[in-house]
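The lines below spell out each chain.
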Amino acid sequence: MGSERRREREKEQRRSSILRAARREFFEKGFRAVTVDSIARRSELSKGAIYLYFKSKEEIYAQILLRDIDKFHEKAESVLDPSMSASDNLRRYAEVYTAFFISDRELFRIFMNFMIQHNPVNFTPNINDHIVRSTNQTVVVIEQILQMGIERGEFPRTLDIRVCRNALWGLLNGIIALHLFTGRENTREERVRTQVRGGLEVFIAGLRSV
């Protein structure tokens, strides 16, 4: 491996290490309580070293969101299976969505904080728009599934795809938020999955009767 390629790999490893440390800081303390100094301490780096890779705390926060949203989008794209019914595709999507955030509670809390508090960290308009666009991509699969259901006669043609998409997204996030940080740890995952499955069946039944 050439020296230039090795340096690039080392830089990427350092960036990833900083982002991992920052995720824990934001998860434990919330955005406003975290500082570049605290990220540096958790990363076991100097403050100056952090600034070699990121311009600000806001940029670090944005990169965490963008990287992890992109990871979920990759998973979501693999969900759609034309050989299955639209209802079963919705069930698959819900399973993937739930599993993703059960396995990464840090990201879920950071993600929800961003969605609930509009531009809470003074992102530049470009960064904020980038995150919003990336977030919207994560629910495009829901629209595709609903359209499939309409075209196949599984769901009525009067269905408002955007309203239903938002309703399903809200249902998933609401159930996960309600159970992911409360109750007994050893039953938490099953409670989330059970509630999501039950809520989704009610949602699907409603789609068919619209």
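That block above? That's the structure.
Cut-off values and rules
Residues numbered from 1 in each chain as written. Predicted model: local features only at pLDDT ≥ 70, side-chain atom pairs only at ≥ 80, totals over all residues. Heavy atoms only, no water. 1 Å grid on protein atoms, 1.4 Å probe; cavity = no way out; pocket = protein on both sides within 12 Å on 5 of 7 lines; lining within 4 Å. Points joined across faces, edges and corners; volume = space filled by probe spheres on them. Helix = DSSP H or I, 4+ residues; strand = E, 2+ residues; numbered from the N terminus. Nonpolar A, V, L, I, M, F, W, Y, C, P; charged D, E, K, R; others polar. Core = buried A, V, L, I, M, F, W, Y, C linked by side-chain atoms within 4.5 Å. Buried < 20%, exposed > 50% of the residue type's maximum accessible area, 1.4 Å probe, protein only. Contact = heavy atoms within 4.5 Å. Salt bridge = Lys/Arg side-chain N within 4 Å of Asp/Glu carboxyl O.

Draft legend 1. Just empty space enclosed by the protein, in detail. Overall, the coordinates contain 1 cavity of 30 Å³ or more when judged by the stated rule. Approximately 60 Å³ is the volume found for the largest cavity. If you trace the largest cavity, you find it lined by Asp-68, Ile-69, Phe-72, Tyr-97, Phe-100, Phe-101, Leu-107, Phe-111 and Thr-138. Of all the secondary structure elements, the ones that give two or more residues to the lining of the largest cavity are helix 4 (57–77), helix 5 (86–102) and helix 6 (105–116). A class-by-class count of the residues in the lining of the largest cavity yields 7 nonpolar, 1 polar and 1 charged.

Draft legend 2. How the structure looks around the nonpolar core. By size, the foremost hydrophobic cluster in this structure holds 61 residues, and its most contacted members are Phe-26, Ile-60, Leu-65, Tyr-93, Tyr-97 and Leu-146. Not counting residues within four places of it along the chain, the set of residues in contact with Tyr-97 comprises Phe-72, Phe-111, Trp-169, Leu-172, Asn-173 and Ile-176.

Draft legend 3. Region of the structure containing the pattern of salt bridges. Applying the stated criterion across every chain, the model contains 19 salt bridges. The shortest N-O distance in the salt bridge between Arg-23 and Asp-68 comes to 3.0 Å. Placement of Arg-23 in helix 1 (residues 3–29) and of Asp-68 in helix 4 is noted, with a sequence separation of 45 residues between them. The pair formed by Arg-23 and Asp-68 is uniform in burial state, with each residue classed as buried. Across the pair Arg-193 and Glu-189 runs a salt bridge whose closest N-O atoms are separated by 3.1 Å. Highlighted residues: Arg-193 and Glu-189, both in helix 10 (residues 185–209), separated by 4 residues, approximately one helical turn.

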